[in-house]
Amino acid sequence: MELNLEILFNYLRDVLYNPANAVLDIEKLPEDIQEFASGIQYFAECAIEAKAMALALSRGELDSKQPSRGNEIAAPLKSLHASLRHLTWQAQQIAQGDYQQRVDFMGEFSDAFNLMVEQMDERQKSLEGKINQIQQGSLLLSALMHNVPLQIIVIDISTHEILFMNDIAESEVNNDASYIENLVGIISSHYGLGSKSKSEIEIAYDQNGNLRSFMINTYLLDWNNSNAEVFVINDISETKNKIEELEIQAFQDNLTGLYNRSFGMLTFNNWINEKKSFTLIFTDLDNLKYINDEFGHNEGDVYIKNAAKHLRDFSPDAMACRLGGDEFMILAPAINYEEAYEKMNVIYDSFKNDKFLEDKTYSYSISFGIVAVESDNELTAGEILGIADEKMYENKRMRKKSKQENNM
């Protein structure tokens, strides 16, 4: 009897600690306990399935194999799995601009999630309102063009001689003697002078190292028996700058100054739709929670900002963005997998040896996964990110194993 109990005990121990080797040969047990052993075996199989599912959920693997239908032990995990899949779908809808999504099945998380969506909706509406105000202001300026002081310049089409300037145009010339010549030169080279009447041309002019933008209306007319062209010039530099500032605010991560998740995913999807060849690098900061817990969130924010500083140096034409928390993404055109891997190893070393760490008792480290996306790619953005995420975890495990071996 004691031997049989030992067999069952050893089997249950293997189920718990070494499930791959957990084997119970019921036929070798006495008949009076075979039914009991079968029950234990079924219970153990259910437990193994539940553990496998829990491990998959902890890694965010929502497409993993599901436990058998009769496995009641895994029932709560199945419910959690269904909730996470629905939550993933809702997050995708929100990323596409559907701010009506709400979560009502996850307790305190629901309150935080719904508050976040409401705030995103409010910010989007506020931003759209500000942009609309600026656009309306530009339209108003255009409508009042002939009733407000604007630069007015009349030029002989044949000789490029200035036939007339109003006071504001003369003020510009006094500040920059070559202003009219350069401005007309730009217009002539791009649109042609006197070829036909043009309306609302937008040009940029670099005056003393400062880029300025102008909206110009032009008209052909006979001026004292000369074929002339009238330029009515409106300086829209300030308006352009305000719009650019709002665009930056809309697509910039406040903490790091990198692009935010919205702009990163928008660009990612656009490149896929355009059949563009590029390399995606998905990165994750190691031990951010530890630094937050032990040294405070201010120190954790410094960790995140220093990571952004190093990732920004990946390549001049690459786009780095913060997806959220400790996750970052780099989209790099014209760089293959090997080049990306080499660059990330350089960043890994420079980040690990950041000068900020000289007097610190902790270290910096990042893990990364790289996926080369070719022009014939058929995968979705989510599928590509999933592959990169798995490669990132492989990189994390590899570095952890290497560190353990070096410490032995």
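Scroll up a little and you will see the structure.
Residues numbered from 1 in each chain as written. Predicted model: local features only at pLDDT ≥ 70, side-chain atom pairs only at ≥ 80, totals over all residues. Heavy atoms only, no water.

Asker: Whenever I open this one, the packing of aromatic side chains confuses me. Can you help?
Answerer: Think of a pair of aromatic rings as described by two things: how far the centres are apart, and how the planes are tilted against each other in angle. All told, the structure shown has 14 aromatic pairs when counted by the stated rule. Ring geometry for phenylalanine 295 versus tyrosine 362: centroids 4.8 Å apart, planes at 50°, classification tilted. One end of the pair, phenylalanine 295, is in helix α9 (residues 288-295); the other, tyrosine 362, is in the loop between α11 (337-352) and β9 (366-373), and 67 residues separate them in sequence. For tyrosine 362, a relative accessible area of 9% puts it in the buried group. Ring centres 6.3 Å apart and planes at 15° place the aromatic pair tyrosine 337 and tyrosine 341 in the stacked group. Of this pair, tyrosine 337 and tyrosine 341 both sit in helix α11, four residues apart, which is roughly one turn of the helix. Judged by its relative accessible area of 29%, tyrosine 341 is partly exposed. Clustering of aromatic rings is evident, with ring pairs tying together Tyr290, Phe295, Tyr303, Phe351, Phe356, Tyr362 and Tyr364. Above the ring of tryptophan 271, the side-chain terminus of lysine 276 is found at 4.0 Å from the ring centroid. (Phe/Tyr/Trp six-rings, centres within 6.5 Å; stacked < 30°, edge-to-face > 60°. Helix = DSSP H or I, 4+ residues; strand = E, 2+ residues; numbered from the N terminus. Buried < 20%, exposed > 50% of the residue type's maximum accessible area, 1.4 Å probe, protein only. Lys NZ or Arg CZ within 6 Å of the ring centre and 35° of its normal.)

Asker: Just to check I follow, could you spell out the side chain of threonine 279 for this structure?
Answerer: Note on placement: threonine 279 falls in strand β6 (residues 278-285). Polar contacts involving the side chain of threonine 279 include one to the main-chain carbonyl oxygen of isoleucine 335, which spans 2.4 Å. Those residues in contact with threonine 279 that lie beyond four places of it in its chain are Ile330, Leu331, Ala332, Ile335, Asn336, Tyr337, Ala340, Ile370, Val371 and Ala372. (Polar contact = N/O pair within 3.5 Å; in protein donor to acceptor, adjacent residues only side chain to side chain. Contact = heavy atoms within 4.5 Å.)

Asker: I keep staring at the pattern of salt bridges and nothing clicks. Help me out?
Answerer: Side chains carrying opposite charge are able to pair once their charged atoms draw close together. Under the criterion given, the structure shown has 10 salt bridges. Arginine 322 is the salt-bridge partner of aspartate 253, the closest N and O atoms lying 3.4 Å from each other. Pair noted here: aspartate 253 is in the loop between α7 (237-251) and α8 (261-273) and arginine 322 is in strand β7 (residues 319-324), with a separation of 69 residues, a long-range link. Arginine 322 shares its class with aspartate 253; the two are buried. A network of salt bridges, in which partner residues are shared, links Asp284, Asp286 and Lys396. (Salt bridge = Lys/Arg side-chain N within 4 Å of Asp/Glu carboxyl O.)

Asker: Help me understand the sheet that holds β7 in this model?
Answerer: Backbone hydrogen bonds are what pair the strands of a sheet, in a parallel or an antiparallel way. Across the sheet, which stays open at both edges, the four strands sit in the order β7-β8-β6-β9 with antiparallel pairing between neighbours. The open sheet has two free edges, formed respectively by β7 and β9, since each of these has just one partner strand. Ignoring strand direction, the axes of neighbouring strands in this sheet form an average angle of 20°. By the bridge criterion, seven bridges tie β6 to strand β8 (residues 327-333) in an arrangement that is antiparallel. When the sheet's bridge partners are listed, aspartate 284 is paired in β8 with glutamate 327. Each of β6, β7, β8 and β9 is contacted by helix α10 (residues 297-311), which is oriented at about 10° to β8, the strand it contacts most. (Pairing = 2+ DSSP bridges. Axes fitted to C-alpha atoms, helices over the stretch in contact; angles between N-to-C directions.)

Asker: What exactly am I supposed to notice about the pairing of strand β5 (residues 226-235) here?
Answerer: Along β5, eight of the 10 residues are buried, which leaves the element largely enclosed by surrounding structure. Where strand β1 (residues 151-156) and β5 come together, six bridges link them in antiparallel fashion. Looking across to β5, one finds that aspartate 156 is bridged to alanine 228.

Asker: Could you clarify how one ought to interpret the packing of α10 against α11 in this entry?
Answerer: The geometry of a pair of packed helices is captured by two quantities: the angle between their axes and the separation between those axes. The N-to-C vectors of α10 and α11 enclose an angle of 140°; their axes lie 10 Å apart at closest approach. The angle between α10 and α11 falls in the class oblique. Crossing angle aside, the handedness with which α10 passes α11 is right-handed. Across the interface between the two elements, Tyr303, Asn306, Ala307, His310 and Leu311 of α10 pack against Met344, Ile347, Ser350 and Phe351 of α11. (Parallel < 35°, antiparallel > 145°, perpendicular 65-115°, else oblique. Left-handed = near helix turned anticlockwise from the far one by under 90°.)

Asker: Looking at this structure, how should I read the environment of isoleucine 180?
Answerer: Topologically, isoleucine 180 is positioned in helix α6 (residues 179-191). Overall, isoleucine 180 belongs to the buried group, its relative accessible area being 5%. Once the C-alpha coordinates of isoleucine 180 and isoleucine 162 are considered, the two residues, 18 residues apart in sequence, prove to be 8.6 Å apart.

Asker: What is the right way to look at the side chain of glutamate 299 in this model?
Answerer: Counting through the fold element by element, glutamate 299 comes out in helix α10. Engagement of the side chain of glutamate 299 in a polar contact is seen with the side chain of tyrosine 362, the distance being 2.5 Å. With near-sequence residues (within four places) excluded, glutamate 299 lies in contact with Ile291, Phe356, Lys360 and Tyr362.

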